[in-house]
Amino acid sequence: MPEHVSILQWAGVAVLAVAAVAWVMVLARLLRRGRPGSAAGAGAWAATRTGARPLAALPRQRQNGPHRESVRLTPAEEAAFALLVRRLGDGH
């Protein structure tokens, strides 16, 4: 043990080393939980693979889009729209 290092500094290094090891263990466990082959993550993986909704608090999404709306244009409006398309197509 070097003479210029106090006991508190050695204790700090030991605490940081233990914290780093604990962090790596927790991170490995979290990453292993989501893998398809692990026993811990089998339920969550099967739920996402089969299309089950694991987050029941989220609202159900619509399977089809909104109803299509259409409006009949007058001949003057159609001509104005055609002119606009031509102008935009020419790079103006």
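As the structure is a computational prediction, the values presented were derived from the model and not from experiment.

Scoring rules and cut-offs
- Numbers given for residues are sequential positions, taken from 1 along each chain in its written order.
- The predicted nature of this model means local features are confined to residues of pLDDT at least 70 and side-chain atom pairs, given and counted, to a pLDDT of 80 or more, with totals for whole chains, interfaces and linings taken over all residues.
- The basis for every side-chain value is the complete set of non-hydrogen atoms in the structure, without hydrogens or water.
- Secondary structure elements follow DSSP: runs of H or I of four or more residues count as helices, runs of E of two or more count as strands, with numbering from the N terminus.
- The rule is simple: take the accessible area with a 1.4 Å probe, protein chains only, and divide by the maximum for that residue type; under 20% is buried, over 50% is exposed, in between is partly exposed.
- Each accessible area is a Shrake-Rupley result for a 1.4 Å probe, and residues are judged covered by the shown protein chains and nothing else.
- Patches in this entry comprise residues that are over 30% relatively accessible and not in a salt bridge; like charges within 9 Å are linked, as are nonpolar side chains (Val, Leu, Ile, Met, Phe, Trp, Tyr) within 5 Å.
- A pair is scored as a salt bridge if a Lys or Arg side-chain nitrogen falls within 4 Å of a carboxyl oxygen belonging to Asp or Glu.
- Working rule for helices: expected span equals 1.5 Å times residues minus one.
- Residue-level confidence of the predictor is what pLDDT reports, using numbers from 0 through 100.

**Side note on the overall build of the protein**
Here's step 1: Scanning the protein for helices and strands turns up 3 helices and 0 strands.
Here's step 2: Its helices and strands in sequence order give the protein the pattern α-α-α, from N to C terminus.
Here's step 3: Classification of the 92 residues of the protein by burial places 3% in the buried group.
Here's step 4: Of the roughly 9,000 Å² of accessible surface on the protein, a fraction of 65% belongs to carbon and sulfur atoms.

**Some thoughts on a nonpolar patch on the surface**
Here's step 1: A contiguous nonpolar surface patch, about 600 Å² in accessible area, is contributed by Val71, Leu73, Phe81, Leu84, Val85 and Leu88.
Here's step 2: For Val71, the position within the fold is in the loop between helix H2 (42-50) and helix H3 (75-89).
Here's step 3: Given the relative accessible area of 70%, Val71 is considered exposed.

**What about H3?**
One full turn of an α-helix is made of 3.6 residues, so residues set three or four places apart face in the same direction.
Here's step 1: In this model H3 runs 21 Å from its N-terminal to its C-terminal C-alpha over 15 residues, within 8% of the 21 Å that 1.5 Å per residue would give.
Here's step 2: Directly after H3, the chain includes Gly91, whose backbone phi takes a positive value near 90 degrees.

**Notes on the confidence of the model for the protein**
Here's step 1: Per-residue confidence for the protein gives a mean pLDDT of 80; residues scoring 70 or more make up 74%.
Here's step 2: H3 holds the highest mean pLDDT among the elements of the protein, 94, whereas H2 holds the lowest, 54.

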